[in-house]
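Descriptive analysis of the structure
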Number of protein chains: 2
Amino acid sequence: MTKSLVRIPPQTGTAFLLTVGDRLRIVDPQGEQVSDLIAFALADQREWLSAGRSIDYANKIYLTTGSVLYSNRSRPMLTIERDDVGRHDFLLTPCSPETFQILYRHQGHHLSCFENLVNALAKFEIPPDSIPTTFNVFMNVEIDSEGQLTIGPPRSKPGESIVFRAEMDLIIGLTACSAELSNNYRFKPIDYEIITGPIEATREKRSAD
Amino acid sequence: MTKSLVRIPPQTGTAFLLTVGDRLRIVDPQGEQVSDLIAFALADQREWLSAGRSIDYANKIYLTTGSVLYSNRSRPMLTIERDDVGRHDFLLTPCSPETFQILYRHQGHHLSCFENLVNALAKFEIPPDSIPTTFNVFMNVEIDSEGQLTIGPPRSKPGESIVFRAEMDLIIGLTACSAELSNNYRFKPIDYEIITGPIEATREKRSAD
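Residues numbered from 1 in each chain as written. Chains lettered and ligands numbered in written order. Predicted model: local features only at pLDDT ≥ 70, side-chain atom pairs only at ≥ 80, totals over all residues. Heavy atoms only, no water.

Take the packing of aromatic side chains next. All names here are of chain B. Counted under the stated rule, the structure contains 10 aromatic pairs over all chains. Between Phe16 and Tyr192 the ring centres are 4.5 Å apart and the planes differ by 5 degrees, which places this aromatic pair in the stacked class. Here Phe16, found in strand β2 (residues 13-18), pairs with Tyr192, found in strand β12 (residues 190-195); they are 176 residues apart in sequence, far enough to count as distant. On the basis of relative accessibility, which here comes to 9%, the residue Phe16 falls in the buried class. When its relative accessible area of 8% is taken as the criterion, Tyr192 is described as buried. (Phe/Tyr/Trp six-rings, centres within 6.5 Å; stacked < 30°, edge-to-face > 60°. Helix = DSSP H or I, 4+ residues; strand = E, 2+ residues; numbered from the N terminus. Buried < 20%, exposed > 50% of the residue type's maximum accessible area, 1.4 Å probe, protein only.)

With 36 residues of chain B at the interface, the matching set in chain A holds 36 residues. Inspection of the region where chain B meets chain A yields 2 salt bridges. Salt-bridge contacts for Arg73 of chain B lead to Asp129 of chain A; the nearest nitrogen and oxygen are separated by 2.6 Å. Scanning the region where chain B abuts chain A turns up 16 residue pairs in polar contact (both at pLDDT 80 or more). The set of elements that each furnish at least two residues to the side of chain B that touches chain A consists of α1 (51-58) and α2 (97-102) of chain B. It is α1 of chain B that contributes the most residues to the side of chain B that touches chain A, 5 residues altogether. Per-class residue counts for the side of chain B that touches chain A are 16 nonpolar, 12 polar and 8 charged. (Contact = heavy atoms within 4.5 Å. Salt bridge = Lys/Arg side-chain N within 4 Å of Asp/Glu carboxyl O. Polar contact = N/O pair within 3.5 Å; in protein donor to acceptor, adjacent residues only side chain to side chain. Nonpolar A, V, L, I, M, F, W, Y, C, P; charged D, E, K, R; others polar.)

Moving on: the sheet that holds strand β12 (residues 190-195) of chain A. Residue and element names in this part refer to chain A. Reading across from one edge, β1-β12-β3-β10-β6-β5 is the order of the 6 strands in this open sheet, with antiparallel pairing throughout. The open sheet has two edge strands with one neighbour each: β1 (6-8) and β5 (68-70). For this sheet, the mean inter-axis angle between neighbouring strands, taken without regard to orientation, is 25 degrees. Relative to β12, β1 runs antiparallel, the two sharing 3 bridges. By the bridge assignment, Arg7 is partnered in β12 with Asp191. (Pairing = 2+ DSSP bridges. Axes fitted to C-alpha atoms, helices over the stretch in contact; angles between N-to-C directions.)

Shown next, in the form of structure tokens:
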């Protein structure tokens, strides 16, 4: 583990700034965990990560290395630069208290990515209603020919990661997912790091550590 | 054609109110045309139709008779009560000027559903940034096992329709689609009508007309 890795404890979330040109690396330290990612333009928070635009322009639902994540204004926000896993979801909203009630008939309060994102993004004055569909890192959603969805265990193995390059200055929200079904019924942490400067130089620096 | 049908001319859009309990019937008068639908809660326009929540709760991407379209606050907005066609899209954003530039390398201005929705919704003070992924009525998007999308001609035949019941008071935006690929390269109108009162009584009235 590099010194710069930050841990998101199980069933929690965080929010931070990501500068244009910098990389965000998201690591699944124990394997089979999901991390919901959302982004807003720092310059104008009414510009948000759009699943619909991204899927439309990619002409596919499974985004991986080389894919661009677009804003609602059709501007690139993030590019996937590396991807150990190759399976992420961009169809489903972050799990919310209502998710557990409607889908799983859960009684009482249940920690959720939506609530964790709301709380984490509050410091950037992003209201709950502004949180759209998240890019659900490592989430494994299969679609059959009839359009039915099946949520399987993430394909991520311990230590595998995905790297995004910021295409504009961004506010990022990020979680360690709270839904049992998404992470194979074991809540786990998520690690991330922000890599500044040319990525090759960063790699050499790491090898020398 | 019943007297209450309203025509949306080719490559245009409109917006109107729909009262809880009333039905919205959308008709494809000539066949193979797409109509992008969006909804906002009249009581609070920060509550919007959410593709992500709807797909999540339906556990499928192809919504049809019996499916509920949810808001970002996980409340039912519309229920599909009847559906002659059975194939609609809820993955892709309304075509926009950028769609034609990015996907089709179109030069110059191109009429688009997004712009038509922006203009139509302006009277309800809904800003462009608040328009999320639309429910694309009659749009035929196939997904292969690798997640690649193929947009085919709509399956709708002349006169076929879909009926939505409003589950809350709504502001509706609706278009006759402007994208060549979505409507088999021929721009056509879309008809709609608002049906008030019990739907069975309405049917009898129509037969008696």
